[in-house]
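Below are the chains, spelled out letter by letter.
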Amino acid sequence: MSSTDLPTTDRIWTNWAGNQTCTAAVFAQPRDEDEVIAAVRHAIGRGLNVRVAGAGHSFTPVVTTGGMLLDLTRLTGITATDPTRLRASALAGTTVGDFGPPLWEAGLSLTNQGDIDKQVIAGAIATGTHGSGIDLPSFSAALRRVRLVDGSGEVVEIDESDPRRLRAAQVAIGALGVVLEVELAVSPAYHLTEEISYRPWQEIAEAWDELIARHRHFSFFWCPGDESVDLYQLPAPPDQPMADHCYVKIYDEVEVAEPDGIVSTVGHRVDRAYRIYPGGYDTPFHEMEYMVPAEHGFTAVSAIRELMRTEHPDQRYPIEVRWTAADEAYLSPNHRRATTVISVSGEPGTDYWPFLRAVDERLREFRARPHWGKLHFMTRERMTELFDEFGTFLDVRRELDPDGTFLNDHLRPLLG
Ligand SMILES: Cc1cc2nc3c(=O)[nH]c(=O)nc-3n(C[C@H](O)[C@H](O)[C@H](O)COP(=O)(O)OP(=O)(O)OC[C@H]3O[C@@H](n4cnc5c(N)ncnc54)[C@H](O)[C@@H]3O)c2cc1C
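Please read all numbers here as calculations on a predicted model, not as lab measurements.

Draft legend 1. How the structure looks around the site of the ligand. As a structural note, the neighbourhood of the ligand is formed by 37 residues, with Val52, His57, Ser58, Asp115 and Arg322 the closest of them. Val179 is positioned such that a nitrogen or oxygen atom in its backbone is 2.8 Å from a nitrogen atom of the ligand. Across the complex, the protein chains shield 99% of the 980 Å² of accessible surface that the ligand would expose by itself. The element best represented in the shell around the ligand is helix α3 (residues 121–127), accounting for 5 residues. In terms of residue class, the shell around the ligand is made up of 19 nonpolar, 14 polar and 4 charged. There are two domains that each give the shell around the ligand at least three residues, and those are domain 1 (78–188) and domain 2 (191–375).

Shown next as structure tokens:
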């Protein structure tokens, strides 16, 4: 594509949650690798910065730009599967949900998934998207090879032969370049059983370590009030008290012969893994999420529960609690530590900031690190202190994009 073929209409972009918006000078939807390269070179030539929009499911300003905004939803599809090496490759715009059937046909499954499957794979990887399970890595940690267009407009491949660059690319918030294709470590195809239950906080508190250790996936939503489940569209029986109770999700691997072993009773399903993981949410909320070392998880969650009960009783969204395995990615919240993931949300249209600031303050003592796609209060100073290999990430970023073409106003102070 020559630069004159680029659509140059002003384009207003808004994220899923409705709290981030921008008007890009140039918006383009490349159809193939050559068009991505042409677009990036066009931007470099005009001094425009470049950001890529995934599915827009981040709550932070990680997509916004007044320069060039790229949408790679035309670059989709699984490009290779390797059941022997347990690998799957896909174009950057492939959604998490799109991995399910083709991987299954090849005898493979994604090792884990999160609360929704709407994200594009490059977007999920960029921010460290995760599911739950103390032994299960995030999408970022599963990245084994990435092909991207760097700040010189050149295609670069990063793989396991260069662990330094790979660990930078695993969580890069789009700051190393435009990702074209990724290769992930995946698992042999597996089925899951689902067990949804409603339990008083005290019961969860008493069985904490056992629940984490015994189940492949254990997670819960602690509800401050009966109405809290509705805010996240979590189904609860009408007579079920939810105040100071938890909506508990447990998934375990199980051997199943199809079709007889498939069970579709909600809350007790047995199915292929990709059909058990949830699809999406309809109603926006504004979410913040921090990860603390797993050994401090109970103390940290208890502190936020207490904060909500005493100082912020007006905040009604549940606390979501999950676990993630340690990994090596330089900007990962799980860098060299398994974590307990603590998420809170504010209601759109209300001033929830004092509450979020209080949560941030309370979790500082646990050396909490943020999910890059969810609201946070990170500064460069805090990042330097919290991420042991922050300097190495910055070195790689400068090697691949010395002029900062892929930074925006949110990322420049943090990663410039
Ligand atoms: C309802 C909801 C549920 C969620 N559930 C979970 C969950 O269970 N677990 C979890 O960890 N997170 C969860 N998230 C957060 C979400 O997974 C992350 O914010 C993720 O990054 C969003 O992916 P996306 O495709 O929407 O990317 P976007 O938000 O559009 O972009 C994210 C980042 O990726 C970059 N990017 C995208 N594509 C490319 C590319 N080709 N090249 C370079 N950079 C690129 C963007 O520039 C941006 O920096 C949830 C969010 C919502 C709204």
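Draft legend 2. Up close: the domain arrangement of the protein. Taken domain by domain, the protein consists of domain 1 (78–188) and domain 2 (191–375). The gap between the C-alpha centroids of domain 1 and domain 2 is 24 Å. Taken together, the contact pairs 31 residues of domain 1 with 37 residues of domain 2. Both faces considered, domain 1 and domain 2 share a buried interface measuring about 2900 Å² in area, 58% of it formed by carbon and sulfur atoms. Considering only the side of domain 1, the residues that lose the most area to domain 2 are Trp104, Asp115 and Ile134, jointly responsible for 26% of the buried surface there. For the pair domain 1 and domain 2, the interface holds 2 salt bridges. Its salt-bridge partner being Asp115, residue Lys249 comes within 3.4 Å of it at the nearest N-O pair.

Draft legend 3. Structural detail: the layout of surface pockets. The volume enclosed by the largest pocket comes to roughly 390 Å³. In this structure, the largest pocket is lined by 20 residues; those nearest its centre are Gln233, Leu234, Pro235, Tyr247 and Pro278. Put simply, the parts of the chain that give the lining of the largest pocket at least two residues each are β13 (191–200) and β15 (245–254). Considered class by class, the residues forming the lining of the largest pocket number 12 nonpolar, 4 polar and 4 charged.

Draft legend 4. Region of the structure containing the nonpolar core. Counting 103 residues, the largest nonpolar core has Phe220, Leu363 and Leu415 as its most contacted members. Counting residues per element, this core draws most heavily on helix α5 (residues 201–214), which supplies 7 residues. Setting aside anything within four residues of it in sequence, one finds Leu415 in contact with Ile173, Ala175, Leu331, Arg380, Met383, Phe390, Phe393, Leu394, Arg397 and Leu407. Judged by nonpolar contacts, the second largest core, of 19 residues, contains Ile37, Met68, Val178 and Phe406.

Draft legend 5. Quick peek at the sheet that holds strand β6 (residues 78–82). Strand order in the open sheet formed by 5 strands is β6-β7-β11-β9-β10, and the pairing between neighbours is antiparallel. Unpaired on one side and paired on the other, β6 and β10 (155–159) mark the two borders of the sheet. Neighbour to neighbour, the strand axes of the sheet diverge by 10 degrees on average, direction disregarded. Of the strands in this sheet, β9 (143–149) and β10 touch helix α4 (residues 163–170), which is tilted by about 80 degrees from β9.

Here is what the cut-offs are and how they apply
- Residues numbered from 1 in each chain as written.
- Predicted model: local features only at pLDDT ≥ 70, side-chain atom pairs only at ≥ 80, totals over all residues.
- Heavy atoms only, no water.
- Near = heavy atom within 4 Å.
- Polar contact = N/O pair within 3.5 Å; in protein donor to acceptor, adjacent residues only side chain to side chain.
- Areas by Shrake-Rupley, 256 points an atom, 1.4 Å probe, with all protein chains shown as cover.
- Helix = DSSP H or I, 4+ residues; strand = E, 2+ residues; numbered from the N terminus.
- Nonpolar A, V, L, I, M, F, W, Y, C, P; charged D, E, K, R; others polar.
- Domains from an automatic or database assignment.
- Contact = heavy atoms within 4.5 Å.
- Buried area = accessible area lost by both parts, 1.4 Å probe.
- Salt bridge = Lys/Arg side-chain N within 4 Å of Asp/Glu carboxyl O.
- 1 Å grid on protein atoms, 1.4 Å probe; cavity = no way out; pocket = protein on both sides within 12 Å on 5 of 7 lines; lining within 4 Å.
- Points joined across faces, edges and corners; volume = space filled by probe spheres on them.
- Core = buried A, V, L, I, M, F, W, Y, C linked by side-chain atoms within 4.5 Å.
- Buried < 20%, exposed > 50% of the residue type's maximum accessible area, 1.4 Å probe, protein only.
- Pairing = 2+ DSSP bridges.
- Axes fitted to C-alpha atoms, helices over the stretch in contact; angles between N-to-C directions.

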